[in-house]
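Close look at the chain arrangement
The residues making up each chain are set out below.
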Amino acid sequence: MHKLVSDQPTSLPRRDLLKNSVVLGSAALVANNLSIPIAKAQNQTTPPSLQEEKLVWSACTVNCHSRCPLRMHVKDGVITYVETDNLGEDIYGDFHQVRACARGRSMRRRVYNPDRLKYPMKRIGKRGEGKFKRISWEEAFEEIANNLKRIIKEHGNESLYLPFATGTIGATVAASYPPPRSIASRFMNSIGGCLGHHGTYSYSQIFEAMPFMYGSNAANSPTDIENSKLVVYFGNNPAETRMSGGGVTYLAQQAMERSQAKMIMIDPRYNDTAGGREDEWVPIRPGTDAAFVEGMAYVMITENLVDQAFLDTYCVGYDEKTLPASAKPNAHYKAYILGDGEDGIAKTPEWAEKITSIPKATIVRLAREIATTKPAYICQGWGPQRHANGEQTSRAIAMLACLTGNVGISGGNSGSREGFYTIPFVRLPAMDNPIKAKIPIFMWTDAVTRGTEMTALKDGLKGAEKLNKNIKFILNYAGNCIINQHSDINRTLDILSDESQLEMLVVIDNHMTSTAKCADILLPDCTTSEQMDFCMDGSAGNMGYVIFADKAIEPQFECKPIYEILSGIAEKMGAKEIFTEGRTQEEWLRHLYQQTQSKNPFFQDISFEEFRERGIIKQKDPNGHMVAFKKFREDPIANPLTTPSGKIEVYSERLAKIAETWELQEGDIISPLPIYAPAVEGWDDPKRAQYPLQLVGFHYKSRVHSTYGNVDVLDQASLQSVWINPIDAAQRGIKHNQMVRIFNDRGETRVMANVTPRILPGVVAMGEGAWYKPDGQKVDHNGSFNVLTTQRPSPLSKGNPQHTNLVQIAAVGGA
Ligand SMILES: Nc1nc2c(c(=O)[nH]1)N[C@H]1C(S)=C(S)[C@@H](COP(=O)(O)OP(=O)(O)OC[C@H]3O[C@@H](n4cnc5c(=O)[nH]c(N)nc54)[C@H](O)[C@@H]3O)O[C@H]1N2
Ligand SMILES: Nc1nc2c(c(=O)[nH]1)N[C@H]1C(S)=C(S)[C@@H](COP(=O)(O)OP(=O)(O)OC[C@H]3O[C@@H](n4cnc5c(=O)[nH]c(N)nc54)[C@H](O)[C@@H]3O)O[C@H]1N2
Ligand code: SF4
Ligand SMILES: [Mo]
């Protein structure tokens, strides 16, 4: 008989538990959590009570763009205490310690969490209801393989899909992303391939746009700030998004101390990176950075402050001298700024003030300061680009680096996000995907409902002119982008509820997430602590590192490592040999390490066992600080960029062609110039009459997206809230800490108001990633962001514009 499991035990009173706890990360906290069942270690021969405490190197492999070593104290098969890197110096730049943040240090609470999935399960009620019955692994493998075989027969491999899923991005064998090296891709490729995707949820807009200008996204490393006189950050918040000891925030801070560089922070929010360390905070309306740059460009041009020699030598299309022949007369940047271009509008500081809300006197003053303080590290986070007009914004910010000649020099920067060095290491080969069609990663819901209508010119398909099939099968390993992290949760739930469209959703996770609740088959994976792996791509500016993430404890409950799970399905599909090549997980690790040793002399003297013992290996970039486009700057003829002209394309002929040939939706703007474009649902959208507040998101210190979102102590350390200016709050009768409703046509969420002058009036902000907790009436009660976001993609990359939203806010119980 199958045991009925209606949902997992998610109802531990987390806030009550905290009454007994004081210190974040202290061992005492475990005692308070004893109500959480801890599975007894399997395969043990020594009675647990006789075991000595052991110390095992493990890692936090989530997608925060850091990677951190964790040193697990293990007793009686249970992790009792978590420490971090204790090797190397406490001095910046000298192989400093890579210290985990509070999230990684709370790993026990993720491993021993009441939301932990325990057994393979099969959906019983309707899809999304969260009702499951327990099944055996054998039944799970059979069920998945039989459906896969049927769907491949009926619809072909092009109807299979792997969504964006970054839960174990730092792992090596267990890596969930990116496709060229993820284990899920290897599985799909071993059974004939699947529909591909391009772009990411992180940086679709900027990564698509910048290559049109520079040929790449390269940037100087943050350590190079020690050679800068000025740091100009556009929507960059390393204090929250690059928090760890290996992360950028520490390096940038130390570098600024060395060079005594001033820091200007441009952000609608007074973010934590400003946090008292900034010289100036410039609050700006979301989506209008390009207009700010243009107002400054006007001042620089009219006051003769631009670096004309740089623009003449290295750029195409700044003025008439270098404008490509195919362009219309006066289609150059300078004419556009001075009002001699097609729109006839001079981009004066007065013009920019109306759009950005930055006072014109500030625009004039900052233009003079940025143009005359060199070198300047002009850098953008990915906040400004995660918008409906994000492609235009990201290039416009880079234009400031070109106007001031800061590209290709030490202490300067390209205007892109910080560059970093990683250690070359051989990864699990994912094999080739025979299916060449790729959808924009954000548009998977469209590919479920109208895939066969999607085309290259209308929907940004790559590798094919059109799709032959809608998506019918999704394998979601270590991702929450089906529900929590994808836009417009209510629309997605509607789409998934029609089981004739998406025929099967397999979810492999550690926890009962909102995505897991929609699974047809739900499989419990091991955490990083329960298996042996390498943790890759760690970087601290110009220092790279790799971590040996050893197995600290036995798999909990009936969990299996992903390698065994996918091997099990592959076996039923007759593809086990192709998938495993006859190796176990440990054999793969030894094999990959051996290959790395033969390619990278750095590892030759360190044996596998020594690496295991040592835990972390650090290496400095042999080239010192990374300086993007250095060779091009030194000799642009000998070292051209990879753009068609070999130069920086201020005017892009390729973009001009795209703008002419693509079928764009009304309101979508692609320009050959890096200039301001109004955003759909931006500050001047007529919809503001109904929904007057611009809502931006930010990546929050208490979570990594939704991961760690169910760890009680983290939740308490930084509560979920919506930031609202006292002026907007007073107009709505909202008090600090009061519960409010945030809503628009797509949905509603409820959360506490944080009434604070740290946000521009007319703008509200909320951390993304809080777990979706609906009440059955489609209202979320946990400040889960994506009930409010749209699935309409941005124009060029067809990326996620999740920071562009119009909403209204009202006090709960208020008028
Ligand atoms: N509104 C809004 N939405 C956003 C963003 C935003 O700014 N605003 N940001 C976007 C961005 S940049 C990103 S990168 C995406 C991130 O979206 P996702 O890639 O979905 O990231 P997470 O929410 O961290 O989900 C990771 C999942 O992996 C699971 N997991 C963690 N470790 C393991 C493991 O060892 N094994 C298995 N099987 N599962 C594991 C976690 O439990 C979690 O369910 O979100 C995007 N969504
Ligand atoms: N703690 C933590 N760290 C993380 C993550 C996490 O979830 N938690 N996620 C990781 C991942 S996958 C990613 S992709 C990165 C994300 O890194 P980012 O995309 O850079 O992070 P965000 O917080 O979305 O945006 C950075 C800042 O931009 C501001 N901003 C938003 N819109 C605008 C605008 O129009 N103009 C300007 N000037 N500023 C704007 C926001 O207020 C915010 O302070 O972070 C990584 N690091
Ligand atoms: S969440 Fe990021 S910074 Fe924190 S411990 Fe994990 S990898 Fe390190
Ligand atoms: Mo991301």
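Residues numbered from 1 in each chain as written. Chains lettered and ligands numbered in written order. Predicted model: local features only at pLDDT ≥ 70, side-chain atom pairs only at ≥ 80, totals over all residues. Heavy atoms only, no water.

- The name an unreviewed UniProt entry gives the protein chain is Dimethyl sulfoxide reductase subunit A, with Conservatibacter flavescens as the organism.
- What the UniProt record of the protein chain gives under Subcellular location (unreviewed entry) is the line "Cell membrane".
- UniProt, in the comment section headed Sequence similarities (unreviewed entry), describes the protein chain in these words: "Belongs to the prokaryotic molybdopterin-containing oxidoreductase family." (UniProt positions renumbered as here; feature names shortened; annotations may be inferred.)

**Quick word on the packing of aromatic side chains**
- Going through the model one piece at a time under the given rule, you end up with 32 aromatic pairs.
- Their ring planes at 80 degrees and their centres at 6.2 Å tell us that Phe187 and Phe579 sit as a pair that is edge-to-face. Of this pair, Phe187 sits in helix H6 (residues 183-190) while Phe579 sits in helix H20 (residues 576-580); the two residues are 392 residues apart in sequence, bridging distant segments of the chain. The same class applies to Phe187 and to Phe579, which are both buried.
- Each ring, one from Phe310 and one from Tyr314, has its centre 4.8 Å from the other, and the planes form 25 degrees; the classification is stacked. Here the residue Phe310 and the residue Tyr314 both occupy positions in helix H11 (residues 308-314), the gap between them amounting to four residues, near one helical turn. With respect to burial, Phe310 and Tyr314 carry one shared label: buried.
- Clustering of aromatic rings is evident, with ring pairs tying together Phe425, Phe534, Phe548, Tyr593, Phe602, Phe603, Phe608 and Phe611.
- The lysine or arginine in question, Arg71, covers the ring of Trp57, its NZ or CZ lying 5.8 Å from the ring centre.
- The positively charged end of Arg741 is found above the aromatic ring belonging to Phe743, 4.4 Å away from the centroid. (Phe/Tyr/Trp six-rings, centres within 6.5 Å; stacked < 30°, edge-to-face > 60°. Helix = DSSP H or I, 4+ residues; strand = E, 2+ residues; numbered from the N terminus. Buried < 20%, exposed > 50% of the residue type's maximum accessible area, 1.4 Å probe, protein only. Lys NZ or Arg CZ within 6 Å of the ring centre and 35° of its normal.)

**Description of the nonpolar core**
- The biggest cluster of nonpolar side chains holds 66 residues, and the ones touching the most others in it are Tyr214, Tyr333, Ile370, Cys402 and Ile648.
- Looking at this core element by element, the count peaks at nine residues for helix H10 (residues 289-302).
- Apart from residues lying up to four places away in sequence, Ile648 is in contact with Met213, Tyr214, Phe310, Tyr314, Cys315, Val316, Cys402, Val407, Phe632 and Leu641. (Core = buried A, V, L, I, M, F, W, Y, C linked by side-chain atoms within 4.5 Å. Contact = heavy atoms within 4.5 Å.)

**Some details on the sheet that holds strand S20 (residues 616-620)**
- An order of S18-S19-S20 is seen for the three strands of this open sheet, with the pairing classed as antiparallel. The open sheet has two edge strands with one neighbour each: strand S18 (533-540) and S20. Across the sheet, the axes of successive neighbouring strands diverge by a mean angle of 15 degrees, strand direction being ignored.
- Both S18 and strand S19 (residues 543-549) contribute to a ladder of six bridges, which runs antiparallel. Residue pairing in the sheet places Ser539 in a bridge with Gly544 of S19. (Pairing = 2+ DSSP bridges. Axes fitted to C-alpha atoms, helices over the stretch in contact; angles between N-to-C directions.)

**Focus on the site of ligand 3**
- Around ligand 3, a shell composed of Cys60, Val62, Cys64, Ser66, Arg67, Cys68, Ala100, Cys101, Arg103, Gly104, Ser244 and Val704 is seen.
- Within the shell around ligand 3, the residues separate by chemical class into seven nonpolar, three polar and two charged. (Near = heavy atom within 4 Å. Nonpolar A, V, L, I, M, F, W, Y, C, P; charged D, E, K, R; others polar.)

**Notes on the packing of helix H13 (residues 349-356) against helix H14 (residues 360-372)**
- For the pair H13 and H14, interaxial distance at closest approach is 8 Å and the crossing angle is 115 degrees. Crossing angle aside, the handedness with which H13 passes H14 is right-handed. Side by side, H13 and H14 meet where Pro349, Glu350, Ala352, Glu353 and Thr356 of the first sit next to Lys360, Ile363 and Val364 of the second.
- For the contact of H13 with H14, a count of residues per class yields four nonpolar, one polar and three charged. (Left-handed = near helix turned anticlockwise from the far one by under 90°.)

**Remarks on the site of ligand 2**
- Taken together, 36 residues form the shell around ligand 2, and within it Asp267, Asp289, Arg703, His705 and His803 come nearest.
- Taking Arg269, its side chain carries an N or O atom lying 2.8 Å from an oxygen atom of ligand 2.
- Arg417 is positioned such that a nitrogen or oxygen atom in its side chain is 3.1 Å from an oxygen atom of ligand 2.
- Here ligand 2, which alone exposes 920 Å², has 100% of that area covered by the protein.
- For the shell around ligand 2, the secondary structure elements donating two or more residues are helix H8 (238-241) and strand S22 (693-698).
- A per-class count over the shell around ligand 2 returns 11 nonpolar, 14 polar and 11 charged. (Polar contact = N/O pair within 3.5 Å; in protein donor to acceptor, adjacent residues only side chain to side chain. Areas by Shrake-Rupley, 256 points an atom, 1.4 Å probe, with all protein chains shown as cover.)

**A look at the confidence of the model for the protein chain**
- Chain-level pLDDT for the protein chain is 92 on average; 93% of the residues reach the 70-or-more range.
- When pLDDT is averaged over each element of the protein chain, H10 comes out on top at 99 and helix H2 (residues 28-32) at the bottom at 27.
- Low confidence marks residues 1-44, where pLDDT is under 50. Its contacts with residues over four positions away, or in another chain, come to 86 contacts. (pLDDT = per-residue confidence, 0-100.)

**Notes on the packing of H10 against H13**
- Running from N to C, H10 and H13 cross one another at 165 degrees; their axes reach a closest spacing of 8 Å. Comparing their axes, H13 and H10 come out roughly antiparallel. The chirality of how H10 crosses H13 is left-handed. Taken together, the residues of H13 that come into contact with H10 (itself represented by Ala291, Phe292, Glu294, Gly295, Tyr298 and Val299) are Pro349, Trp351, Ala352, Ile355 and Thr356. (Parallel < 35°, antiparallel > 145°, perpendicular 65-115°, else oblique.)

**Let's talk about the pattern of salt bridges**
- All told, the structure shown has 45 salt bridges when counted by the stated rule.
- Where Arg758 meets Asp272, a salt bridge forms, and the shortest distance between an N and an O atom there is 3.0 Å. One end of the pair, Arg758, is in the loop between strand S25 (747-755) and strand S26 (763-767); the other, Asp272, is in the loop between strand S10 (262-266) and strand S11 (280-282), and 486 residues separate them in sequence.
- Overall, the relative accessible area of 28% leaves Arg758 in the partly exposed class.
- With a shortest N-O distance of 2.9 Å, Arg450 and Asp446 are connected by a salt bridge. Taken together, the residues span about one helical turn, with Arg450 and Asp446 both in helix H16 (residues 444-450) at a distance of four residues. The residues Arg450 and Asp446 share a single accessibility class, namely buried.
- Counted as one network, the salt bridges with shared partners bring together Asp550, Glu586, Arg590, Glu609 and Arg612. (Salt bridge = Lys/Arg side-chain N within 4 Å of Asp/Glu carboxyl O.)

**Section: the sheet that holds S10**
- Pairing is parallel in the open sheet, where four strands are placed in the order S11-S10-S9-S13. Looking along the sheet, the strands with just one partner apiece sit at the ends: S11 and strand S13 (376-380). Taking the axes of each pair of neighbouring strands and ignoring which way they run, one obtains an average angle of 15 degrees across the sheet.
- As paired elements, S10 and S11 share three bridges and run parallel to each other. Considered in S11, the bridge of Ile264 is made with Glu280.

**Re the environment of Asn304**
- Among the secondary structure elements, Asn304 is positioned in the loop between H10 and H11.
- A sequence separation of 127 residues divides Asn304 from Tyr177, and the C-alpha atoms of the two residues are 48 Å apart.

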